[in-house]
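# Commentary on secondary and tertiary structure
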Amino acid sequence: ALNYLGSIPWKINKKILDLQVELFNSPDNHEDLEIPYISQEPLPVIPKDATVDERTKVILKRKLMQKEQRESHALRMEKLYKLSLASHLRDDIFWLPHDIDFRGRAYAIPPHISHLSSDSNRGLMLFATGKPLGEKGLEWLKIHLVNLHGEKKKLSLQGRLDYANEMMSEIFDSAEKPLTGNRWWQQSDEPWQMLACSMEIVDAIRSGDPTSFVSHLPIHQDGSCNGLQHYAALGHDFLGAEQVNLTPRESPADLYTTVAKMVDKRRAAQAADGKEEAKILEGKIHRKVVKQTVMTVVYGVTWVGGRQQIARQLKGTIPDEHVFACSNYIVGLVFDSLAEAFKNAREIQNWLSDSARQISRAGKPVQWTTPLGLPVVQPYHVNTEKQVQTMLQSIVRKTPEMTKLVTLNSSTPY
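One structure accompanies this document, and this report is about it.

Criteria and cut-off values
- Residues numbered from 1 in each chain as written.
- Predicted model: local features only at pLDDT ≥ 70, side-chain atom pairs only at ≥ 80, totals over all residues.
- Heavy atoms only, no water.
- Helix = DSSP H or I, 4+ residues; strand = E, 2+ residues; numbered from the N terminus.
- Buried < 20%, exposed > 50% of the residue type's maximum accessible area, 1.4 Å probe, protein only.
- Polar contact = N/O pair within 3.5 Å; in protein donor to acceptor, adjacent residues only side chain to side chain.
- Contact = heavy atoms within 4.5 Å.
- Axes fitted to C-alpha atoms, helices over the stretch in contact; angles between N-to-C directions.
- Parallel < 35°, antiparallel > 145°, perpendicular 65-115°, else oblique.
- Left-handed = near helix turned anticlockwise from the far one by under 90°.
- Nonpolar A, V, L, I, M, F, W, Y, C, P; charged D, E, K, R; others polar.
- Phe/Tyr/Trp six-rings, centres within 6.5 Å; stacked < 30°, edge-to-face > 60°.
- Lys NZ or Arg CZ within 6 Å of the ring centre and 35° of its normal.
- Core = buried A, V, L, I, M, F, W, Y, C linked by side-chain atoms within 4.5 Å.
- Salt bridge = Lys/Arg side-chain N within 4 Å of Asp/Glu carboxyl O.
- Pairing = 2+ DSSP bridges.
- Patch = residues over 30% accessible without salt bridge, like charges linked within 9 Å, V, L, I, M, F, W, Y side chains within 5 Å.
- Areas by Shrake-Rupley, 256 points an atom, 1.4 Å probe, with all protein chains shown as cover.

### Brief notes about the side chain of Asn121
Following the sequence through the fold, Asn121 ends up in helix 4 (residues 119-122). On the basis of relative accessible area, Asn121 is assigned to the buried category, the value being 1%. In terms of polar contacts, Asn121 uses its side chain to reach the backbone carbonyl oxygen of His112, at 2.6 Å. Sequence-distant contacts of Asn121, defined by excluding residues within four places in its chain, comprise Lys79, Lys82, His112, Ile113 and Ser114.

Right under this line is the structure:
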């Protein structure tokens, strides 16, 4: 499998690369397009007549701004390196060797340019070996574009195709005038991939025979919260199965939106009872706020990890002094809402947690063999140190012991 994945040839999308380089060299802020920007705002000056409190606030603000500038500079240099590497490969065909982690998940080894990366990186990737679109290929390109846009991706397949046909003028405008036109592509959840798809659709139509047009663009097919799909199937959770599209339906369900609504319903009830965080979050809880936490809960995200994920989404939408308390409040509601939708799955996860607890108490790692025959071992250890003093020297003896907390988290409880 790894040899096959590594045998797929790739090439750089030159049109997307040239646009990214142009925006990178622009003095304007394009952080919404994953082009890091270093703020030119001058550091605040400490007034001569400032009180101790005022002076402290200015110093803290200066340190925060300097920290943000350093981080932005690091991100910008990282982006420069990736664009330089892509420019070096712009006329070449290249391959991406793959590896698997200890759980059997496959990843591309190259860290800077791959199809398993950010939107701006994925937009740069094309298959080096193209294939004719055939009878349905153009339709799938259009459906793929609507999925990337995000706004209408929960329509039926026919609904998404109809929407793409309605927006053909915007698709042509995006492909032909990406930086000077209406910039419809920038409204997308995945703008660079959507722009690449728009260009591919326009090229196919302009070829005169879309069925014979040789396309190099990757088209995504993905499951809906794969981890929760497995748990819903194992636990026969019908409500959960509906939310992760295990049951037939005309248009796809969206678990993230459902959880966001469940969370907001609980928030509204608690706001009526006077809960301060619930009042602050009025109108602030939506799909994007809960998505990452819902997505990673089956992979063992902890309360702290979930709070940090939600805090990143809340930052800038509420006052900074309330971000910690409100994110801590929301993560509890998310976990409770998931437990309600996946009741039997929760029992399975509790059983896995109890099993992991007993195994770790016995000093053994959690391990199993997958149906494909891959042995999985989770050797989470910490070293305990004991210092032994002799006449000649001091010796530190390190003894590995099972880490109970990490072992429990590895069994994906929520």
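### Regarding the packing of helix 13 (residues 287-296) against helix 14 (residues 303-314)
At a closest axis distance of 8 Å, the pairing of helix 13 and helix 14 adopts a crossing angle of 160 degrees. Taken together, helix 13 and helix 14 sit at an angle that is classed as roughly antiparallel. Here helix 13 runs over helix 14; the crossing is right-handed. Here helix 13 contributes Lys288, Val289, Gln292, Thr293 and Thr296 to the contact with helix 14, which in turn contributes Gly306, Gln309, Ile310, Arg312, Gln313 and Leu314. Residues that form the contact of helix 13 with helix 14 fall into these classes: three nonpolar, six polar and two charged.

### A look at the packing of aromatic side chains
Scanning the entire structure with this criterion turns up three aromatic pairs. Ring plane angle 50 degrees and centroid distance 5.2 Å describe the contact between Trp185 and Trp192, whose orientation is recorded as tilted. Using a relative accessible area of 0% as the deciding quantity, one classes Trp185 as buried. By relative accessible area, Trp192 is classed as buried at 0%. Lying over the aromatic face of Phe24, Arg76 brings its terminal NZ or CZ to 3.9 Å of the ring centre.

### Some thoughts on the side chain of Lys82
Mapped onto the fold, Lys82 is located in helix 3 (residues 52-88). Not counting the four nearest positions on each side in its chain, Lys82 is found in contact with His112, Ile113 and Asn121.

### Comments concerning the nonpolar core
In terms of nonpolar packing, the biggest core is built from 45 residues, with Phe94, Trp192 and Ile201 touching the most fellow members. For this core, the secondary structure elements donating two or more residues are strand 1 (9-12), helix 2 (14-25), helix 3, strand 5 (125-127), helix 5 (137-149), helix 6 (157-166), helix 7 (168-176) and helix 8 (191-206). Within the second largest apolar cluster, 38 residues are counted, among which are Tyr231, Ala271, Leu281 and Val331.

### Points about the pattern of salt bridges
The final tally for this structure, using the stated rule, is 14 salt bridges. The partner of Lys67 in a salt bridge is Glu71, with the nearest N and O atoms 2.7 Å apart. Separated by four residues within a single helix, Lys67 and Glu71 lie in helix 3, roughly one turn from each other. Overall, the relative accessible area of 40% leaves Lys67 in the partly exposed class. Among the ionic pairs, Arg357 bridges to Asp354, the shortest N-O distance being 2.8 Å. One end of the pair, Arg357, and the other, Asp354, are both in helix 16 (residues 343-361), three residues apart, so they sit about a helical turn from each other. A relative accessible area of 28% places Arg357 in the partly exposed class. A residue is classified by how much of its surface remains accessible, and Asp354, at 40% relative accessible area, is partly exposed.

### Side note on the pairing of strand 1
Direction of pairing for strand 1 relative to strand 2 (residues 94-95): antiparallel, over a ladder of two bridges. Bridging across to strand 2, Pro9 finds its partner in Trp95. Pairing between strand 1 and strand 5: three bridges, direction antiparallel. Note on strand 5: the bridge partner recorded for Trp10 is Phe127.

### Concerning the sheet that holds strand 5
Across the sheet, three strands lie side by side as 2-1-5; this open sheet has antiparallel pairing. The outermost strands of the open sheet, each flanked by one partner alone, are strand 2 and strand 5.

### Description of the environment of Leu23
By secondary structure assignment, the location of Leu23 is in helix 2. Sequence separation of Leu23 and Trp368 is 345 residues, and the distance between their C-alpha atoms is 49 Å. Ignoring sequence-local partners within four residues, the contact set of Leu23 consists of His30, Leu33, Ile35, Leu179 and Trp192.

### Some words on helix 7
Within the sequence span of helix 7, burial applies to Met168, Glu170, Ile171, Asp173, Ser174 and Ala175. In this structure, the buried residues of helix 7 make contact with helix 5, helix 6 and helix 8.

### A short note on the environment of Thr293
Structurally, Thr293 can be placed in helix 13. Judged by relative accessible area, Thr293 falls into the buried class, the value being 0%. For the pair Thr293 and Gln308, spaced 15 residues apart in sequence, the C-alpha separation works out to 9.3 Å.

### Here we look at a nonpolar patch on the surface
Together, Trp140, Leu157 and Ile219 make up a nonpolar patch on the protein surface, roughly 250 Å² of accessible area in all. Take Trp140: it is sitting in helix 5.

### Examining unusual backbone geometry
Here the phi dihedral of Glu34 falls at roughly 60 degrees; this positive angle occurs in a residue that is not glycine. Mapped onto the elements of the fold, Glu34 is located in the loop between helix 2 and helix 3. Assessed through its relative accessible area of 32%, Glu34 is described here as partly exposed. Of note, His236 is a non-glycine position whose phi angle comes to about 55 degrees, a positive value. Tracing the chain through its elements places His236 in the loop between helix 9 (226-235) and helix 10 (238-243).

Function cannot be read off these values alone, since they describe shape.
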